[in-house]
Structure formats: structure tokens, C-alpha cells
Amino acid sequence: MTRQLDCFVSAKRQAVEVSCAILNKSMTIDELIYTTVFSQDEKQKKDARETILNIARKQNIFPASIFPLYQAFGKGKISGFTVPAINIRALTYDTARIIFSLMKKHRIGPVIFEIARSEMEYTAQRPQEYAVSVLAAAIKEEYQGPVFLQGDHFQLSKNRFLEDAEQEIQKIRDLATEAIQAQFLNIDIDASTLVDLEVEGAGKHSVIIHDVEYDPVMTKPIHVDFLEVATDKLLKTHVPIEFS
């Protein structure tokens, strides 16, 4: 179900004035993002969030995937620059404002705004709040164009995986779904956590997860392959890359 927001936007350098019938008041973008993050009223939070997303679309600010750019790098079509990925752990709106301001001033781009699973936990920032904070910053700084949001290090917890592998894998699936719904169009699945595997009669071995086989009907893991890691030796592996 979708709902049309009756918003009138007046963009100025220091204050983007927004008048929305749904909120029944005139609010600056600063007030909107403050309401989104700190309001105790869930309806107000949702309405302010939808308003920010609506303004972003109207001002040609949109979440996008970095994959086409990486494809162009891989095919040799572009070169000579790199793409910084910045993890914002606190003051997301204010920090993103500085980044967008510098991008415009120095003609820098693109930049990836990312947050890791562990960072979401200790900063209490869910993907939806993070995404809206970054988009609000883009609005404030009058940026236009794609915004690259990335879920960084959606990583398996070694201890939780050993306790219940199925549950820990499902948590990664759920988090990826939540991030995609928040318009994170770049997800870094990090399943290479080093695990201490204890084998009866052979002691402990440091391993990484190589492959997981699932029951085709129940979709539960039924077999896991590990690769043993020697911490004093280089590990060589082949990573296939397919361009479509």
C-alpha cells in the first residue's frame, strides 16, 4: 500500500523548507531527520521518513548499485581512480553532510556509505535509519545523483554459528532482506569467519566455511565443508568472476 504525500519543497542553501499535509506543519530537513531518529511517536517517525524519501526522489537523489561501475573497472573501460567506502558510526546525518559538501566542492565521486552488522548493533542504527539519514544529508547539501548505500561485513559470528548454524545463517538472510528493503543496493556478505573446529580424537583446527549444502525441501543446512587454515602460511584460492 502506498500513500501520496502532499509536500511542497523550497530548497535553499541553509534550510530546505518542507510543508507536508501529512505532518500538518512546516518543517526543515533538520527537523524531519531529527523526528525520524528521535521521535517517540512511531507514526511521526514513519511520516517524517516517508517525507524525506519523497523529497529525495523529487530532487533526483536515489539509492543505486555500485556494481555497474565495478563491471566497467573489470572490463577496463575506466581507470585512474578508486571508490572510497566510509563507515559512519555516529552523527550519520552531520557526517554525511560534510561528505556530500566535499564531494560537490572538489568534484569527488562516487563514494560508498556503509555500515557493518556489528556497527548496527553497538550504534543502534538499523538500515532504514541509516539510509534516510544519508539521503537527508544529500537533500540538505543540494546534492543530486546516485547514492551508494552498502551493508558492510554482514558477517557470521563464530560463537553463534557453532551454537546454532542454521539460526546464525538465517540472521544474515534476514539482515540482508532488511537492508535491501531500506534501499541498500550493495551487500557485502562476509561468511569467511575463522572457526575453531574441534574434531574428536584430532583436537582443534582453525577453519573457514567453504560450502554449505541445504536440504532441497526443508532449506536447512545438512552438510558443511571447511577449509583448514595454517596461520603461518599463505592461503591461495581461486575466486571466479563472471560478467554478464
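Details of the structure are given in the entry above.
About the cut-offs
- Residues numbered from 1 in each chain as written.
- Predicted model: local features only at pLDDT ≥ 70, side-chain atom pairs only at ≥ 80, totals over all residues.
- Heavy atoms only, no water.
- Helix = DSSP H or I, 4+ residues; strand = E, 2+ residues; numbered from the N terminus.
- Buried < 20%, exposed > 50% of the residue type's maximum accessible area, 1.4 Å probe, protein only.
- Contact = heavy atoms within 4.5 Å.
- Arc of directions from axis to C-beta.
- Polar contact = N/O pair within 3.5 Å; in protein donor to acceptor, adjacent residues only side chain to side chain.
- Axes fitted to C-alpha atoms, helices over the stretch in contact; angles between N-to-C directions.
- Parallel < 35°, antiparallel > 145°, perpendicular 65-115°, else oblique.
- Left-handed = near helix turned anticlockwise from the far one by under 90°.
- Salt bridge = Lys/Arg side-chain N within 4 Å of Asp/Glu carboxyl O.
- Phe/Tyr/Trp six-rings, centres within 6.5 Å; stacked < 30°, edge-to-face > 60°.
- Expected span 1.5 Å × (residues − 1).

Undergrad: I keep staring at the overall build of the chain and nothing clicks. Help me out?
TA: Across its full length, the chain carries 8 helices and 11 strands. Per-residue burial over the chain gives 38% buried out of 244 residues. For the chain, the proportion of contacts with a sequence separation of at least 24, taken over those separated by at least 6, is 61%.

Undergrad: What am I meant to see in helix H1 (residues 29-38) here?
TA: In an α-helix, one turn spans 3.6 residues, which is why side chains three or four residues apart end up on the same side. Burial in H1 covers these residues: Ile29, Leu32, Ile33, Thr35 and Thr36. Down the axis of H1, the smallest arc covering the buried residues is 155 degrees, so these residues share one side.

Undergrad: Explanation requested: the side chain of Asn186 in the structure shown.
TA: Here Asn186 is to be found in strand E8 (residues 186-190). For Asn186, a relative accessible area of 6% corresponds to the buried category. At a separation of 2.8 Å, a polar atom in the side chain of Asn186 contacts the main-chain amide nitrogen of Ile66. What Asn186 contacts, discounting residues up to four positions off in sequence, is Ala64, Ser65, Ile66, Phe67, Phe148, Leu149, Gln150 and Gly151.

Undergrad: Before we go on, may I ask you to explain the packing of helix H2 (residues 42-58) against helix H6 (residues 127-140) in this structure?
TA: If you want to describe how two helices pack, look at the angle between their axes and the distance between the axes. Relative to each other, H2 and H6 sit at 45 degrees, their axes nearing to 10 Å. Here H2 is positioned oblique relative to H6, judged by the angle of their axes. In the packing of H2 onto H6, the handedness of the crossing is left-handed. Residues Arg49, Ile52, Leu53, Ile55 and Ala56 of H2 lie in contact with H6, whose contacting residues are Gln128, Val132, Leu135, Ala136 and Ile139.

Undergrad: I tried to follow the pattern of salt bridges on my own but got confused; where do I start?
TA: Close approach of charged atoms lets side chains of opposite charge pair. The tally for this structure, following the rule as stated, stands at 9 salt bridges. Measuring nitrogen to oxygen at the nearest pair gives 3.2 Å for the salt bridge that ties Lys140 to Asp30. One end of the pair, Lys140, is in helix H6; the other, Asp30, is in helix H1, with 110 residues separating them in the sequence. The salt bridge involving Arg117 is made with Glu168; its shortest N-O contact spans 2.7 Å. Here Arg117 is found in helix H5 (residues 117-123), whereas its partner Glu168 is found in helix H8 (residues 165-181), with 51 residues between them in sequence. According to the relative accessible area criterion, Arg117 is buried, its value standing at 8%.

Undergrad: What is the right way to read the packing of aromatic side chains from this model?
TA: Each aromatic ring pair is described using two quantities: the centre-to-centre distance and the angle formed by the ring planes. The tally for this structure, following the rule as stated, stands at 5 aromatic pairs. Ring centres 5.0 Å apart and planes at 55 degrees place the aromatic pair Phe73 and Phe81 in the tilted group. Under the relative-accessibility criterion, Phe73 is labelled partly exposed at 24%. Joined through ring pairs, the aromatic side chains of Phe100, Phe113 and Tyr143 make up one cluster.

Undergrad: Looking at this model, I keep getting lost on helix H4 (residues 92-106). Mind explaining?
TA: For H4, built from 15 residues, the straight-helix expectation of 21 Å at 1.5 Å per residue is met to within 8% by its first-to-last C-alpha distance of 21 Å. When we look at burial in H4, the residues that qualify are Thr92, Tyr93, Ala96, Ile99, Phe100 and Met103. All buried residues of H4 fall inside an arc of 125 degrees around its axis, so they share one side. Away from its buried face, by an angle of more than 90 degrees, H4 presents the exposed residues Ile98 and Lys105.

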